[in-house]
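Each chain, letter by letter, is given below.
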Amino acid sequence: MGLSFGKLAFGQWARELGRWVPPAALAHVGQPAALFFHGVEPATADPRLQTNHHEVAAFRAILEGLKDFDVLPLTAVDDVLAHPGKHSRSVFLMSDDGYRNTLTVAADILDEYRMAWTLFVSTAHIGSGVPNPIFVARLFFLHAPPGRHLLPHLGEVDLGSQETREKSALSGIDRLRFLPGEQAEECVAAMRGAFAPGALEALIEGFGSEKFLDWDDVRALHARGVTIGAHADSHWPMHGGQSQAWLTRQAAGAKARIEAEVGSCRFFAYPFGNKPDVGAAAWKAVRDAGFSHGFTTLSGTLAAGRTAAGAGALAAGGNPWLLPRYGLGPRDSHIASLVPLLCTGNPRLRRWQARLA
Ligand SMILES: [Zn+2]
């Protein structure tokens, strides 16, 4: 209370503060938490396009920081939520989307550190060659031929110099993201069509980081002990503007696909996963699909619900389909200080859970 985050998003604020607080000062205030990354790459060619990937050295620095914690398999989440006091140093480590480099790079490093992790896959992208729509949109804004492009549901976009392209990318993607899923798919298809034949494919080929796993890869990770969860079907937000049919495809559709390809699946993570990306109907679709837990990208701890009014019937994280999760920044090496600070996000998380009840 009384904390002012100014214009910093909560995660940024915790990240900044975490740099200056010695871990020993915070060891006693620990609460269990969930942390996630996306992919891990030996090197990044274009940080504007490869926003989802940690470089190997930075990823190792994060795992070094996590040595002070108990990194548990997600199957322990029921015990953690039931007894958060027993789990003050417990964390869950997760990877979102299902990039191929989680198998070719991250898995070996995580095995070396003997850390359990969960992979949340967006099923429409696994083994299909369909790239992440936001990645296609970024490629369109930065690399499509110059001139005016008329995009369905988004209007006219004039692509010129690099600087104006970066600005159009920011505002264009922001509007694209809040379109209903079906309209966004039409718009992204038009973006693909703006490239000369083969040009987009050649560009995508240059960014190996954005390649998704195929189902054999997902099964191989599962056989190595990785828990497989669902990150919806299409990598697109489940905001309040989405139809019930779209939400059902995202939740029940993804679960059915994983269960057919890999085996039982009870954990869900929302694409994007922040306040504007998850509507009240979204978590209900996740619950009704039979998932036991859903993870957002709001910061907080898995003890967040302990003091919530009427939380008796709920798990300790509050609504179990709207659990908090912290997105690891590219250089979050001061993780031992950062994790205990996540509890300061809990009041905001609880207010949001109550609003979506
Ligand atoms: Zn994602």
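Below is a short write-up of the structure. (Residues numbered from 1 in each chain as written. Predicted model: local features only at pLDDT ≥ 70, side-chain atom pairs only at ≥ 80, totals over all residues. Heavy atoms only, no water.)

With that settled, the discussion passes to the pairing of strand S7 (residues 147–151). When S7 meets strand S8 (residues 155–159), the two strands line up antiparallel, connected through 5 bridges. Opposite Arg-148, over in S8, you have Asp-158 as the bridge partner. As consecutive antiparallel partners, S7 and S8 are separated by 3 residues, and within that stretch His-153 has a phi angle of approximately 70°, a positive value. (Pairing = 2+ DSSP bridges. Helix = DSSP H or I, 4+ residues; strand = E, 2+ residues; numbered from the N terminus.)

Looking now at the layout of surface pockets. By volume, the second largest pocket is sized at about 230 Å³. As for the second largest pocket, its lining consists of 15 residues, and the residues nearest its centre are Gly-129, Val-130, Ile-204, Lys-211 and Phe-212. Taken together, the residues that form the lining of the second largest pocket break down as 5 nonpolar, 4 polar and 6 charged. (1 Å grid on protein atoms, 1.4 Å probe; cavity = no way out; pocket = protein on both sides within 12 Å on 5 of 7 lines; lining within 4 Å. Points joined across faces, edges and corners; volume = space filled by probe spheres on them. Nonpolar A, V, L, I, M, F, W, Y, C, P; charged D, E, K, R; others polar.)

A separate point is helix H9 (residues 215–223). Residues of H9 that are buried: Trp-215, Asp-217, Val-218 and Leu-221. The arc that holds the buried residues of H9, viewed along the axis, is 155°, so those residues lie on one side. Turned more than 90 degrees away from the buried face of H9 sit Asp-216 and Ala-223, all of them exposed. In the core, the buried residues of H9 are packed alongside helix H4 (101–112), strand S6 (118–121), strand S9 (227–230) and helix H10 (244–261). (Buried < 20%, exposed > 50% of the residue type's maximum accessible area, 1.4 Å probe, protein only. Arc of directions from axis to C-beta. Contact = heavy atoms within 4.5 Å.)

Between H10 and helix H11 (residues 280–288), the least distance of the axes is 9 Å, while the angle of their chain directions is 45°. Taken together, the axis directions place H10 and H11 in an arrangement best described as oblique. Handedness of the H10/H11 crossing: right-handed. Across the interface between the two elements, Gln-244, Leu-247 and Ala-251 of H10 pack against Ala-281, Ala-282, Ala-285 and Val-286 of H11. Here the contact of H10 with H11 is built from residues that sort into 6 nonpolar, 1 polar and no charged. (Axes fitted to C-alpha atoms, helices over the stretch in contact; angles between N-to-C directions. Parallel < 35°, antiparallel > 145°, perpendicular 65-115°, else oblique. Left-handed = near helix turned anticlockwise from the far one by under 90°.)

Moving on to the coordination of the zinc ion. Protein ligation of the zinc ion involves Asp-97 (OD), His-231 (NE2) and His-235 (NE2), the donor distances falling in the range 2.0 to 2.2 Å. Each donor residue of the zinc ion belongs to the same chain, with the gaps between them written as D-x133-H-x3-H. The exposure class assigned to His-231 is buried, which follows from its relative accessible area of 1%. (Donors = N, O, S within 2.8 Å, 3.2 Å for Na, K, Ca; no water.)

Another point: the side chain of His-53. Position of His-53 relative to the elements: it lies in strand S3 (residues 53–55). In terms of polar contacts, His-53 uses its side chain to reach the side chain of Asn-101, at 3.1 Å. (Polar contact = N/O pair within 3.5 Å; in protein donor to acceptor, adjacent residues only side chain to side chain.)

Looking now at the pairing of strand S1 (residues 33–37). A large share of S1 lies buried, amounting to 5 of its 5 residues. The two faces of S1 match: Ala-33, Leu-35 and Phe-37 on one face and Ala-34 and Phe-36 on the other face are all buried. Taken together, the 5 bridges between S1 and strand S5 (residues 90–97) define a ladder with parallel strand orientation. Across the sheet, the residue bridging to Phe-36 is Met-94, located in S5. Bridge count between S1 and strand S12 (residues 326–327): 2 bridges; the pairing is parallel. Each residue of the ladder has a partner; that of Phe-36, found in S12, is Gly-327.

Here the focus is helix H7 (residues 181–193). Here H7 is 13 residues long and its end C-alpha atoms lie 18 Å apart, about the 18 Å a rise of 1.5 Å per residue gives. When H7 is considered as a whole, its buried residues turn out to be Gly-181, Ala-184, Cys-187, Val-188 and Met-191. Seen along its axis, H7 keeps its buried residues to an arc of 120°; they face one direction. If you follow the buried residues of H7, they end up packed against helix H5 (133–143), S7, helix H6 (162–176) and H10. (Expected span 1.5 Å × (residues − 1).)

The next subject is the nonpolar core. Counting 93 residues, the largest nonpolar core has Leu-66, Leu-93, Phe-140, Leu-176 and Tyr-270 as the members making the most contacts within it. If one sorts the elements of this core by residue count, H5 sits on top with 8 residues. If sequence neighbours within four positions are ignored, Tyr-270 has contacts with His-231, Met-238, Val-278, Ala-282, Trp-283, Val-286, Gly-294, Phe-295, Thr-296, Trp-321 and Leu-322. (Core = buried A, V, L, I, M, F, W, Y, C linked by side-chain atoms within 4.5 Å.)

Attention now moves to the side chain of Ser-234. Mapped onto the elements of the fold, Ser-234 is located in the loop between S9 and H10. In this structure, Ser-234 is in contact with Ala-124, His-125, Pro-133, Glu-185, Trp-246, Arg-249, Gln-250 and Pro-271, ignoring residues within four places of it in sequence.

What follows covers the packing of aromatic side chains. Summed over the entire model, instances satisfying the criterion amount to 10 aromatic pairs. Their ring planes at 75° and their centres at 5.1 Å tell us that Phe-140 and Phe-141 sit as a pair that is edge-to-face. Measuring from centroid to centroid gives 5.1 Å for Phe-268 and Tyr-270, while their planes differ by 75°, and the two rings are edge-to-face. A cation over a ring is seen here: Arg-89 above Phe-69, with NZ or CZ 4.2 Å from the ring centre. Residue placement shows Arg-325 over the ring face of Phe-36; its charged tip is 4.0 Å from the ring centre. (Phe/Tyr/Trp six-rings, centres within 6.5 Å; stacked < 30°, edge-to-face > 60°. Lys NZ or Arg CZ within 6 Å of the ring centre and 35° of its normal.)

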